[in-house]
Amino acid sequence: MVAANPLFAGGSYYKKFKATVVNDIWPEVLFFVLIATMVVLVSELTSTSLAISNQMLTVLGTVLGLVISFRTSTAYERFSEGRKLWTNIAIASRNLAQIIWIVVPFDRVNKATGEKKPHLEVVIEKKSMINLVQAYSVSVKHLLRGEGGVYYADLYPLISFLPRFSVHTDKATEDDMLPLWKASEMDHETHRSLRENTIISRASTMPRTNSEPLPNTRGSDEITESEKRESEMWYNGRLKRSKTFDPEAALPVLPSERPLQPARNPPVTSMYDYFPFLRIFKLVLKPFRRHKPKVTEPTSARTRTLTGKKIKPEAADSNVPVEITLFLMTYYASLSRQGLLTPPVATAMNNAIGALQDTVVNLERIKNTPLPFAYQAHLRLSLWLYLFFLPFQIYSAFKWLTIPASAFASFLLLGFLEIGQEIENPFNYDLNDLDLDNFCLAIQRELHEVTAHTSPDPDSFIFTEWNQPFAPADRRSAKEMMEDVEHSYHGIDTGVHHIRQTMLRSWRDVDEATRHHSH
């Protein structure tokens, strides 16, 4: 069966158009079309022919084609590696959560009193650490998008219980603030005020929905309705959900020292994104417009330059993923000191935390190590020169068709070059980028599925009437086989032999049933 054509498969054609590079390359294509038009008009309407020899056309075209192909392939390798690394985060998060929830024992003894710890206390401890595992992937997402700090609607609720100072809070000063909160510019006085109030009563009166997202650092009054709609449309479009989709509603609701920024800060699309040359008029009219307070936008929310090129987010000065792994490692050390980890379990848990750290370093390598500027600049300049002289070389053969031929060549070559440029850093908000929000939500669902596991005794579900372990050779249930003590399976000397015979019959039956026999 032929796979569905992505151009005509279901979905909004407007979003599909935004996912193409047409909006990025059309000014350059238009420029080279105008050059071709000039060549044709001058050559056709005057006595001067602008045609030149085309001997270099084939050679240069082949070389440029190979180089552009290499550029696109290299960019896709980075895109593919980014996806693999996010798979590694999901696997390591799942493994670490399973170790914490299932393998680390629930039965604990308080060494100070010699009494057994309450079951609820142990469950709260485990669930809190698994929330940190969930927060890790979210913090990596914000880090890769150039969004520093912890004050985001999908991150802060998961790590708000972490210590903020190196000493007891009542004695803490600004100088005692730990790096995680210092880098996030936590307001010390606001934190003190929150502690003096009743946090529980405050939290119970903090309703929040996705239709009214938590305030940005700009302040709630400065977030325009268009920006709210843009964020909702972007997210609902990526996940194909209804407009009421609000994943942050499943998180804790706690007061914070600063207004929480939305979990997603996609750039707001305007007409300047489709007609970038109009930004010139925006600059000209700027002195005559009313001055507004200076707004510091997240780097991910900045869109395009005057030439229409997308602005890449700056690297965030954030240590949140590192800080989270430090607390996870502290928990690992605590379990080891209490003798709650056997050597194999300790090794597996240490490897899982190490895998998280290795992965974020490799993701940062992809984000912060673009192709060398000299390579990119030389390739683009070479392509521009090639396209500039292309109509001069093909006019003799194509005449008036030089114009559409130049347009097609420009669209083709510039498109491939721009595709390589766009997918080189696949962690932003473009529709062609990796869906980091969906990855984080998938990890969140998996971790909650782990904590929903009750860790039952295997005997309670193996030896029941619902289990037929020896099928297809023996379709009796496990409970029936255990109760039929007269059966040959229970023989002291012959039991193992009869069981092996049953296993061989099962193999033959399965081999016969699962092989396709052509007639």
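Peer 1: Looking at this structure, I do not really get the overall build of the protein. What am I missing?
Peer 2: A count of helical and extended segments in the protein gives 19 helices and zero strands. Taking all 519 residues of the protein together, the buried fraction comes to 40%. In the protein, the share of contacts with a sequence separation of at least 24, taken over all contacts with a separation of at least 6, comes to 73%. If you sum the accessible surface of the protein, you get close to 29800 Å²; carbon and sulfur atoms cover 62% of it.

Peer 1: Would you explain empty space enclosed by the protein in this entry?
Peer 2: Where empty space is left becomes clear once a probe the size of a water molecule has been rolled over the atoms. According to the stated counting rule, one finds one cavity of 30 Å³ or more in the structure shown. Roughly 110 Å³ of internal volume is contained in the largest cavity. V138, D154, E248, L441 and Q444 are, among the 13 residues lining the largest cavity, the residues nearest its centre. At the level of secondary structure, the elements contributing two or more residues to the lining of the largest cavity comprise α4 (119-144) and α16 (436-451). Per-element tally for the lining of the largest cavity: the top contributor is α16, with four residues.

Peer 1: How should the nonpolar core be read in this particular structure?
Peer 2: What tends to happen in soluble globular proteins is that the nonpolar side chains get buried as a cluster. Core analysis: the largest hydrophobic core is formed by 66 residues, its most contacted members being W86, L96, I159, W181, L328 and M349. Of all the elements in the fold, those that place two or more residues in this core are α3 (55-103), α4, α5 (156-159), α6 (179-183), α12 (320-337), α13 (343-368) and α16. A total of 12 residues in this core trace back to one element, the largest contributor, which is α3. Sequence-distant contacts of W86, that is, excluding residues within four places in its chain, are made with S137, V140, K141, L144, L363, F427, L436, F439 and C440. Within the second largest apolar cluster, 18 residues are counted, among which are V21, L387, A409 and L414.

Peer 1: What is the right way to read the packing of helix α2 (residues 22-45) against helix α14 (residues 373-398) from this model?
Peer 2: Packed helices, taken two at a time, are described by their axes: the angle between them and the distance between them. Orientation of α2 relative to α14, taken along the N-to-C sense of each, is 25 degrees, at an axis distance of 9 Å. Taken together, α2 and α14 sit at an angle that is classed as roughly parallel. As α2 packs across α14, the resulting crossing turns out to be right-handed. Along its contact with α2, which presents E28, F32, I35, A36, M38, V39, V40, S43 and E44, the element α14 presents R380, W384, L387, F388, P391, F392 and Y395. Class assignment for the residues of the contact of α2 with α14 results in 12 nonpolar, one polar and three charged.

Peer 1: I tried to follow the environment of A355 on my own but got confused; where do I start?
Peer 2: Summarising the element assignment, A355 is placed in helix α13. For the pair formed by A355 and N88, sequence separation is 267 residues and the distance between their alpha carbons is 7.5 Å.

Peer 1: How should I be thinking about the packing of aromatic side chains in this particular structure?
Peer 2: The geometry of an aromatic ring pair is captured by the separation of the ring centres together with the interplanar angle, meaning the angle of the planes. Enumeration according to the criterion identifies 12 aromatic pairs in this entry. Measuring from centroid to centroid gives 6.3 Å for Y156 and W181, while their planes differ by 85 degrees, and the two rings are edge-to-face. Of this pair, Y156 sits in helix α5 while W181 sits in helix α6; the two residues are 25 residues apart in sequence, bridging distant segments of the chain. As far as burial versus exposure is concerned, Y156 and W181 are alike and both buried. Seen from their ring centres, F470 and Y489 are 5.6 Å apart, and the 80 degrees between their planes marks the pair as edge-to-face. With F470 in the loop between α17 (459-462) and α18 (478-483) and Y489 in the loop between α18 and α19 (495-514), the pair connects residues that are 19 residues apart, well separated along the chain. Here F470 matches Y489 in class, with each residue buried. Following the ring pairs from residue to residue traces out a cluster consisting of Y151, Y156 and W181. Here the guanidinium or amino end of R145 rests over the ring plane of Y429, the centre of that ring lying 4.0 Å away. In this structure, R164 is placed above the aromatic ring of W181, and the distance from its NZ or CZ to the ring centre is 4.1 Å.

Peer 1: I tried to follow the packing of α4 against α16 on my own but got confused; where do I start?
Peer 2: Two elements in contact, α4 and α16, have axes whose closest approach is 10 Å; the angle formed by their N-to-C orientations is 175 degrees. Between α4 and α16, the crossing angle belongs to the class labelled roughly antiparallel. The segment α4 lies against α16, with K127, I130, V133, Q134, S137, V138, K141 and L144 engaging L436, D437, C440, I443, Q444, L447, H448 and T451. Broken down by class, the residue content of the contact of α4 with α16 amounts to eight nonpolar, five polar and three charged.

Peer 1: What is the right way to look at the environment of Y386 in this model?
Peer 2: Considering the arrangement of structural elements, one finds Y386 in helix α14. In this structure, Y386 is in contact with L57, L60, G61, L64 and L413, ignoring residues within four places of it in sequence.

Peer 1: In this structure, what is going on with α2? I would like to understand it.
Peer 2: Within an α-helix, residues lying three or four positions from one another point in the same direction, as the helix has 3.6 residues per turn. Here α2 is 24 residues long and its end C-alpha atoms lie 32 Å apart, about the 34 Å a rise of 1.5 Å per residue gives. Of all the bends found along α2, the most pronounced is centred on E28 and spans about 25 degrees. Taken together, the buried positions of α2 are occupied by N23, D24, I25, E28, V29, F32, V33, I35, A36, V39, V40 and S43.

Peer 1: Any chance you could explain the pattern of salt bridges here in plain terms?
Peer 2: Pairing between side chains of opposite charge can happen when their charged atoms approach one another. Across all of its chains, the model carries 16 salt bridges by this definition. One salt bridge in this structure joins K116 and D107, with 3.5 Å as the shortest N-O distance. Per residue, the accessibility class of K116 equals that of D107, and both read exposed. The salt bridge partner of R264 is E248, with a shortest N-O separation of 3.0 Å. In this pair, R264 sits in the loop between α9 (225-239) and α10 (271-274) while E248 sits in the loop between α9 and α10, placing the two residues 16 residues apart along the sequence. Taken as a pair, R264 and E248 share a single burial class, namely buried. What emerges from the salt-bridge pattern is a single network uniting K141, R145, D154 and D437.

Peer 1: Any chance you could explain the side chain of R78 here in plain terms?
Peer 2: Mapping R78 onto the fold places it in helix α3. For the buried R78, no salt bridge is present, and the opposite-charge side chain at shortest range is E424, 4.4 Å distant. Those residues in contact with R78 that lie beyond four places of it in its chain are I366, T369, P370, E424 and P426.

Peer 1: How should the confidence of the model for the protein be read in this particular structure?
Peer 2: Any residue range with low pLDDT should be treated as having predicted coordinates unsuitable for detailed reading. Here the protein averages 81 in pLDDT, while 77% of its residues score no lower than 70. When the criterion is pLDDT under 50, residues 199-224 qualifies, and its contacts beyond four places in sequence or with other chains add up to 49 contacts. Below a pLDDT of 50 lies the segment residues 293-302, which in the model reaches 25 contacts outside its immediate sequence neighbourhood of four places, other chains included.

Conventions adopted
- Residues numbered from 1 in each chain as written.
- Predicted model: local features only at pLDDT ≥ 70, side-chain atom pairs only at ≥ 80, totals over all residues.
- Heavy atoms only, no water.
- Helix = DSSP H or I, 4+ residues; strand = E, 2+ residues; numbered from the N terminus.
- Buried < 20%, exposed > 50% of the residue type's maximum accessible area, 1.4 Å probe, protein only.
- Contact = heavy atoms within 4.5 Å.
- Areas by Shrake-Rupley, 256 points an atom, 1.4 Å probe, with all protein chains shown as cover.
- 1 Å grid on protein atoms, 1.4 Å probe; cavity = no way out; pocket = protein on both sides within 12 Å on 5 of 7 lines; lining within 4 Å.
- Points joined across faces, edges and corners; volume = space filled by probe spheres on them.
- Core = buried A, V, L, I, M, F, W, Y, C linked by side-chain atoms within 4.5 Å.
- Axes fitted to C-alpha atoms, helices over the stretch in contact; angles between N-to-C directions.
- Parallel < 35°, antiparallel > 145°, perpendicular 65-115°, else oblique.
- Left-handed = near helix turned anticlockwise from the far one by under 90°.
- Nonpolar A, V, L, I, M, F, W, Y, C, P; charged D, E, K, R; others polar.
- Phe/Tyr/Trp six-rings, centres within 6.5 Å; stacked < 30°, edge-to-face > 60°.
- Lys NZ or Arg CZ within 6 Å of the ring centre and 35° of its normal.
- Expected span 1.5 Å × (residues − 1).
- Bend = angle between axes of the 7 residues up to and from the residue.
- Salt bridge = Lys/Arg side-chain N within 4 Å of Asp/Glu carboxyl O.
- Lys, Arg positive; Asp, Glu negative; His and termini not counted.
- pLDDT = per-residue confidence, 0-100.

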